[in-house]
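So the chains spell out like this:
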Amino acid sequence: MPLTDNLTTLTTLMSKAQRKLLSTTLGGILVGAALSAGAATDSPGALDPAVAAKIKDVTPQVVAWRRDIHANPELGNQEFRTSALVAEHLRTLGMEVQTGIANTGVIGILRGGDGPVVALRADMDGLPVTEQVDIPFASKVTTEYNGETVGVMHACGHDNHVAILMGVAEVLAGMGDDLPGTVMFLFQPAEEGVLDAEEWGAKQMLSEGAFDDLKPDVVFGLHVFPYPVGMIATRPEGLMAAADRYEIVVKGRQTHGAMPWGGVDPIVTASQIVLGLQTIASRQVDVTNAPSIISVGRIEGGLRNNIIPGEVELEGTIRTFDENMRDDIHERIRNTAEHIAASAGATAEVSIIKGYPVLKNDTALYKRMKPTLSRVAGKGFLEGKPVTGAEDFSYFANEVPGLFLFLGVGSDDPKLVHPNHSPLFYADERALPLGVTALTALTLDFMQGR
Ligand SMILES: [Zn+2]
Ligand SMILES: [Zn+2]
């Protein structure tokens, strides 16, 4: 989930996290049952016993990798140490390894039988956050970011994603000739975005040809989230939002505050635009189709009480779960702002800066793999609600059918449960085997036509 993304829902709701509640809402997803922590952590449920044994064997190593990566976080496009660790591991397993894709990305190809090609993705970047978690492997790394010295932390939990996928690679490579198809391991940089770049992360990996020579049949990925350990949540169709930014400059004509008729008031006009924008989601689009949000995050104009300024700026975020609605809402924002401004004799210049697209799970793939997820997570599997944060896994899932999951890493102790991007974000490592099991089982079941 990108840093630029306002995870308000999460932040406000996570503080209420109470694992013991039978039904509560965490980050927008309904947690339907009390989960006994660790239930799914020891049993790599319902896999071939030989594969399950391999997962058990690799678990201590996955934990060690995760701690090591956690203690050595790197910002987007600077994941040099992490990608070297990954590339070395994949080479040791005998894979074809490509490095330096999209700056620091790594792709490993593991060839098995003639079956399908399954892509598995893990993002590798940390965030400019100073860690406040009291653990022996807490990050002490600092860096310069946006002109400030800040800590670097795996505050979104991507350390877990890397370690889990390295574990999956070891398990699947260990199957040798018994692996029914081909696996493409995508270790992606810069999911959180980078400053001053046109392109990064998943989009850049694709534009540099990640899927050109070998196009996967499907792509799977997961993200850790402060749900209870033992839980996996996902849903068909829109799982995470498209996140777009808009800026509106309302231009009027400056005048005395006592004589508004002497000019054109951009403050009142901007206020009407703020209200007008709210009618798009509530009055103009079909609310039964998919949710949508238009928020104003910044409004700026004026210098003192008795001067009506010449200009006001507005800025905000747009969240949508359907690409057609996304385009339609952009058009309506333009129309609303321009016509309200025109009605006052002002003008409105609207810029919309597109962010990550909707993360859409392929419905057929979801239906096909749901039994697999139910098998590995048992009662910990949940079909949840959409999440209004964004993820650039969506670019991969726009190329080939994709399925993305949330993996619960929330501790039993509510004091340790904090949202992603918090300096207190803590992932309980007991969740790691379930992550390895889920991606392994999805891969093998898909290859075996289950
Ligand atoms: Zn994030
Ligand atoms: Zn993330």
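Here's a quick rundown of the structure. (Residues numbered from 1 in each chain as written. Chains lettered and ligands numbered in written order. Predicted model: local features only at pLDDT ≥ 70, side-chain atom pairs only at ≥ 80, totals over all residues. Heavy atoms only, no water.)

To continue, consider the overall build of the protein chain. When its secondary structure is counted, the protein chain shows ten helices and 20 strands. Here the protein chain holds 450 residues, and the buried ones make up 57% of them. A separation threshold of at least 6 residues defines the contact pool for the protein chain, and within that pool the share at least 24 residues apart is 81%. Element-wise, carbon and sulfur atoms account for 51% of the exposed surface of the protein chain, whose accessible area totals about 18200 Å². (Helix = DSSP H or I, 4+ residues; strand = E, 2+ residues; numbered from the N terminus. Buried < 20%, exposed > 50% of the residue type's maximum accessible area, 1.4 Å probe, protein only. Contact = heavy atoms within 4.5 Å. Areas by Shrake-Rupley, 256 points an atom, 1.4 Å probe, with all protein chains shown as cover.)

Before going further, it helps to spend a moment on unusual backbone geometry. The backbone phi angle of Asn77 is positive, close to 70 degrees, even though this residue is not glycine. Mapped onto the elements of the fold, Asn77 is located in the loop between α2 (49-71) and α3 (80-92). Judged by relative accessible area, which is 17%, Asn77 ranks as buried. Although it is not a glycine, Asn146 sits at a positive phi angle of roughly 55 degrees. Mapped onto the fold, Asn146 is located in the loop between β6 (142-145) and β7 (148-151).

In total, this model carries nine aromatic pairs according to the counting rule given. Relative to Phe406, the ring of Tyr227 lies with its centre 6.4 Å away and its plane at 85 degrees, an arrangement referred to as edge-to-face. Taken together, the residues span a long stretch of sequence, with Tyr227 in strand β9 (residues 218-228) and Phe406 in strand β20 (residues 402-410) at a distance of 179 residues. Grouping residues by exposure puts Tyr227 and Phe406 together as buried. Linked through ring pairs, Phe225, Tyr227, Phe393, Phe404 and Phe406 together constitute an aromatic cluster. (Phe/Tyr/Trp six-rings, centres within 6.5 Å; stacked < 30°, edge-to-face > 60°.)

Strands sit in the order β14-β16-β12-β17 across an open sheet of four strands; the sheet is antiparallel. Each of the sheet's edge strands pairs with one partner strand only, and the pair in question is β14 (292-300) and β17 (347-353). With direction set aside, neighbouring strand axes in the sheet form an average angle of 20 degrees. As paired elements, β14 and strand β16 (residues 311-320) share eight bridges and run antiparallel to each other. Residue pairing for β16: Val296 is matched across the bridge by Gly316. Sheet strands in contact with helix α6 (residues 266-284) are β12 (242-251), β14, β16 and β17, and its direction is about 165 degrees off that of β14. The strands touched by helix α7 (residues 323-343) within the sheet are β12, β14, β16 and β17, with β17 carrying the most contacts at an inclination of about 160 degrees. (Pairing = 2+ DSSP bridges. Axes fitted to C-alpha atoms, helices over the stretch in contact; angles between N-to-C directions.)

Secondary-structure assignment places Glu429 in the loop between β20 and α10 (432-447). Of note is the side chain of Glu429, whose polar atom sits 2.5 Å from the side chain of Arg67. Look past the residues within four positions of Glu429 in its chain and what remains in contact with it is Val63, Arg66, Arg67 and Phe137. (Polar contact = N/O pair within 3.5 Å; in protein donor to acceptor, adjacent residues only side chain to side chain.)

Now for the packing of α2 against α3. Geometry of a packed helix pair, given as the angle between the helix axes and the separation of the axes. The N-to-C vectors of α2 and α3 enclose an angle of 155 degrees; their axes lie 10 Å apart at closest approach. Between α2 and α3, the crossing angle belongs to the class labelled roughly antiparallel. Note that α2 runs across α3; the crossing there is right-handed. Mapping the contact onto sequence places Trp65, Asp68 and Ile69 in α2 and Arg81, Thr82, Leu85 and His89 in α3. When grouped by side-chain class, the residues that make up the contact of α2 with α3 number three nonpolar, two polar and two charged. (Parallel < 35°, antiparallel > 145°, perpendicular 65-115°, else oblique. Left-handed = near helix turned anticlockwise from the far one by under 90°. Nonpolar A, V, L, I, M, F, W, Y, C, P; charged D, E, K, R; others polar.)

This part is about helix α8 (residues 363-377). With 15 residues, α8 should reach 21 Å at 1.5 Å per residue; the first-to-last C-alpha distance of 20 Å fits that figure. Of all the bends in α8, the largest measures some 40 degrees and sits at Met369, one to four residues before the proline Pro371. Those residues of α8 that fall on the buried side of the exposure criterion are Leu365, Tyr366, Met369, Thr372, Leu373, Val376 and Ala377. Capping the start of α8 is the job of one residue whose side-chain oxygen sits 3.3 Å from the backbone nitrogen of Ala364: Asp362. (Expected span 1.5 Å × (residues − 1). Bend = angle between axes of the 7 residues up to and from the residue.)

A separate point is the environment of Val51. Locating Val51 in the fold gives a position in helix α2. Residue Val51 is classed as buried on the basis of its relative accessible area, which comes to 5%. Sequence separation of Val51 and Thr440 is 389 residues, and the distance between their C-alpha atoms is 8.7 Å. With sequence-adjacent residues up to four places away left out, Val51 is seen in contact with Val171, Met175, Thr440 and Leu444.

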